[in-house]
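Listed here are the chains, written in short residue letters.
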Amino acid sequence: GNSVTQMEGPVTLSEEAFLTINCTYTATGYPSLFWYVQYPGEGLQLLLKATKADDKGSNKGFEATYRKETTSFHLEKGSVQVSDSAVYFCALSEGFSGGGGNKLTFGTGTQLKVEL
Amino acid sequence: EAQVTQNPRYLITVTGKKLTVTCSQNMNHEYMSWYRQDPGLGLRQIYYSMNVEVTDKGDVPEGYKVSRKEKRNFPLILESPSPNQTSLYFCASSFTQGYNEQFFGPGTRLTVL
């Protein structure tokens, strides 16, 4: 079955540092890939997505590129802020054509803490 | 405002006492789904529904029931809760055609003693 592996946290960075959160996946088909963010006490929000190989998703200074050859979708940001402190989830979905009804398969989440 | 709402947000109950967590969306989405979030496991799908009166099991359906009598509502029912169902629960919804980004509710934190 499908699976997502992302780096263990927590990750602690100073403000303006460079962020990378690694994510690799295993899928039987051609999934779409997502990064979701969960701020303390809130639900999940879609941060960015990519639907096919070599697509780059970007939002709020975050970027991730769909790399089919390495089955990866690493999240990067050039300069983090304190307000970026949250839990980040990598996820994949094969949509409604892949069975499981658009199920999102999530990684375990990576907690990011940004300090002044 | 387009949103998914869940109630209650927090619930502490005892083993065996039936409970229902409600989920409602105002975006006219056909698809709705329930996930549970546990430390070290991420989110796992419990049940999903493609439309009214159409539901199916996800990865971890044991101990849960759902119903979809109206398009906007998708309640999660625990007929006899047990401590291993202590978790954070999220409802999500999306369209089934075209842009099918899933929108998540704020979560329900359930503790079963």
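Reference entry: report on the structure contained in this document. Here the structure is a predicted model, which is why all the values come from computation and not from measurement.

## A short note on the packing of aromatic side chains
Residue and element names in this part refer to chain B.
Here's step 1: The final tally for this structure, using the stated rule, is eleven aromatic pairs over all chains.
Here's step 2: Ring centres of Tyr31 and Tyr48 lie 6.2 Å apart, and the angle between their planes is 35°; on these two criteria the pair is classed as tilted. Of this pair, Tyr31 sits in strand 4 (residues 31-38) while Tyr48 is found in strand 5 (residues 42-51), placing the two residues 17 residues apart along the sequence. This pair shows no difference in class: Tyr31 is buried, exactly as Tyr48 is.
Here's step 3: An angle of 65° between the planes, with centres 5.9 Å apart, marks the rings of Tyr64 and Tyr89 as edge-to-face.

## Observations concerning the sheet that holds strand 8 (residues 62-65) of chain A
Residues and elements named next belong to chain A.
Here's step 1: In space, the four strands of this open sheet follow the order 3-9-8-7, with antiparallel pairing throughout. Bordering the open sheet on either side are strand 3 (19-21) and strand 7 (56-59), each of which pairs with just one other strand. On average, each strand axis in the sheet is inclined to that of its neighbour by 15°, with strand direction left out of account.
Here's step 2: Strand direction decides the pairing type here: strand 7 and strand 8, joined by four bridges, are antiparallel. The residue of strand 8 that forms the bridge with Lys56 is Thr65.

## A few points about the environment of Ser58 of chain A
Here's step 1: The topology assignment puts Ser58 of chain A in strand 7.
Here's step 2: Once the C-alpha coordinates of Ser58 of chain A and Leu48 of chain A are considered, the two residues, ten residues apart in sequence, prove to be 5.7 Å apart.

## Concerning the state of the cysteines
In protein chemistry, a disulfide is the covalent bond that joins the sulfur atoms of two cysteines.
Residue and element names in this part refer to chain A.
Here's step 1: Inspection of every chain in the model, using the stated rule, returns two disulfides over all chains.
Here's step 2: Here Cys23 pairs with Cys90 through a disulfide, and the sulfurs are 1.9 Å apart. Handedness of the Cys23-Cys90 disulfide follows from its S-S torsion of about -70°: it is left-handed. Linking Cys23 in strand 4 (residues 23-26) with Cys90 in strand 10 (residues 86-93), this pair joins segments that are 67 residues apart in sequence.

So, how was this worked out
- Residues numbered from 1 in each chain as written.
- Chains lettered and ligands numbered in written order.
- Predicted model: local features only at pLDDT ≥ 70, side-chain atom pairs only at ≥ 80, totals over all residues.
- Heavy atoms only, no water.
- Phe/Tyr/Trp six-rings, centres within 6.5 Å; stacked < 30°, edge-to-face > 60°.
- Helix = DSSP H or I, 4+ residues; strand = E, 2+ residues; numbered from the N terminus.
- Buried < 20%, exposed > 50% of the residue type's maximum accessible area, 1.4 Å probe, protein only.
- Pairing = 2+ DSSP bridges.
- Axes fitted to C-alpha atoms, helices over the stretch in contact; angles between N-to-C directions.
- Disulfide = S-S within 2.5 Å.

Keep in mind these values describe shape, not function.
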